[in-house]
Amino acid sequence: MSIISYIRTIADYPKKGVLFRDISTLFLDPRGLRKAIDGLVMRYSGAGIDKIAVIEARGFLVGAPLAYTLGCGLVLIRKKGKLPGSTIGEDYALEYGTDRIEMHDDTIVAGEKILLVDDLLATGGSALAAIRLIEKNGAEVYETAFLVDLPDLGGSKKLKASGYSVFTLCEFE
Ligand code: PRP
Ligand code: ADE
């Protein structure tokens, strides 16, 4: 079965007009979970990534098993007010609202090769805000990786136009 067939679609969540691509069903099925994580492991094994940066909350589910398998550190990018130490932050817009993400200011070191991982790419607002945080610390974004792309929302185009490499395991037209 392809990755896409493990993902459920729920209409009008969290707002009318949004087709919500629900990855909870992929994580519920051990075959779906294995296929998704193995797809990323195959791509990044031997790539020399120093750290994987993940965006709260669903990105954590993808990035943690990948970092564990590749033997990389995991950088937590969290929604505002959740990190206890000194942070840097960025505001951004989503398909269904606005938010702010933050990162501890001492988790990424200049010159490190960082893989940015999230579950899903829609408008690209979250990924571009995360990239700004990573680059503020002088690190290099090696690639951005997602389980799902929603190309109609323009995020992949925006990221590529800004010069970032995008890898996705499946897309919903
Ligand atoms: C979702 C998803 C991505 C982001 C993608 O997160 O997990 O992080 O939206 O949208 P974008 O490309 O338009 O930025 P959400 O903020 O809903 O939070 P959650 O992971 O905590 O559910
Ligand atoms: N994040 C942003 N847009 C989304 C969508 N349509 N489905 C699931 N997560 C999302």
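Everything below is about the structure shown above.
Counting restarts for each chain: residues are numbered from 1 in the order of the written sequence. Each chain gets a letter, beginning with A, and each ligand a number, beginning with 1, in the order they are written. Selection of residues for local features in this predicted model requires a pLDDT of at least 70, selection of side-chain atom pairs for listing and counting requires 80 or more, and totals for whole chains, interfaces and linings are taken over all residues. Values reported for side chains reflect all heavy atoms of the structure, with hydrogen atoms and water molecules removed beforehand.

A. The nonpolar core, seen in detail. We call a set of buried residues a nonpolar core when its members are Ala, Val, Leu, Ile, Met, Phe, Trp, Tyr or Cys and they connect through side-chain atoms within 4.5 Å of each other. Throughout, exposure labels follow a simple rule: accessible area from a 1.4 Å probe, protein chains only, divided by the maximum for the residue type, with under 20% read as buried, over 50% as exposed, and the rest as partly exposed. Membership of the largest hydrophobic core comes to 30 residues, with the highest contact counts inside it found for Ile52 and Val148. Those elements that provide at least two residues to this core are α1 (24-28), α2 (30-44), β3 (51-55), α3 (58-70), β7 (113-121), β8 (140-149) and β9 (166-171). Looking at this core element by element, the count peaks at 5 residues for α2. Filtering out sequence-adjacent residues up to four positions away, Val148 remains in contact with Ile7, Ile23, Asp119, Leu120, Leu121, Cys170 and Phe172. Among the nonpolar cores identified, the runner-up in size contains 25 residues, and Ile101, Ala130, Leu159 and Tyr164 belong to it. Here a strand is any run of E in DSSP of at least two residues, a helix any run of H or I of at least four, and the numbering for each starts at the N terminus. In this description, contact between two residues means that some pair of their heavy atoms is separated by no more than 4.5 Å.

B. Here's a closer look at the site of ligand 1. For each residue, the test is whether any non-hydrogen atom lies within 4 Å of the molecule or strand; if one does, the residue is near. The environment of ligand 1 is made up of 16 residues, and the closest members are Tyr96, Asp118, Asp119, Thr123 and Ser126. Here a polar contact is recorded for every N or O atom pair within 3.5 Å, except that within protein the pair must consist of a potential hydrogen donor and a potential acceptor, and residues adjacent in sequence are included only if both atoms are side-chain atoms. Between ligand 1 and Asp118, the relevant distance is 2.5 Å, taken from an oxygen atom to a side-chain nitrogen or oxygen of the residue. To be clear on the numbers: accessible area is Shrake-Rupley with a 1.4 Å probe, and residue cover counts the displayed protein chains and nothing else. Out of a free accessible area of 490 Å², ligand 1 has 88% covered by protein chains. Given that more than half its atoms are within 2 Å of the pocket grid, ligand 1 belongs to the largest pocket. At the level of secondary structure, the elements contributing two or more residues to the shell around ligand 1 comprise β7 and α4 (125-136). With 4 residues, β7 is the largest single contributor of residues to the shell around ligand 1. All residues other than Ala, Val, Leu, Ile, Met, Phe, Trp, Tyr, Cys, Pro, Asp, Glu, Lys and Arg, Gly among them, are scored as polar; the first ten of these are nonpolar and the last four charged. The residue inventory of the shell around ligand 1, partitioned by class, reads 6 nonpolar, 4 polar and 6 charged. In the cavity and pocket records, a cavity denotes points on a 1 Å grid over the protein atoms alone where a 1.4 Å probe fits but cannot get out, a pocket denotes an open set with protein on both sides within 12 Å along at least 5 of 7 lines, and lining residues are residues with an atom within 4 Å of a point. Think of it this way: if more than half of a molecule's atoms are within 2 Å of a pocket's grid points, that molecule is in the pocket or cavity.

Any link to function would need more than the numbers given here.
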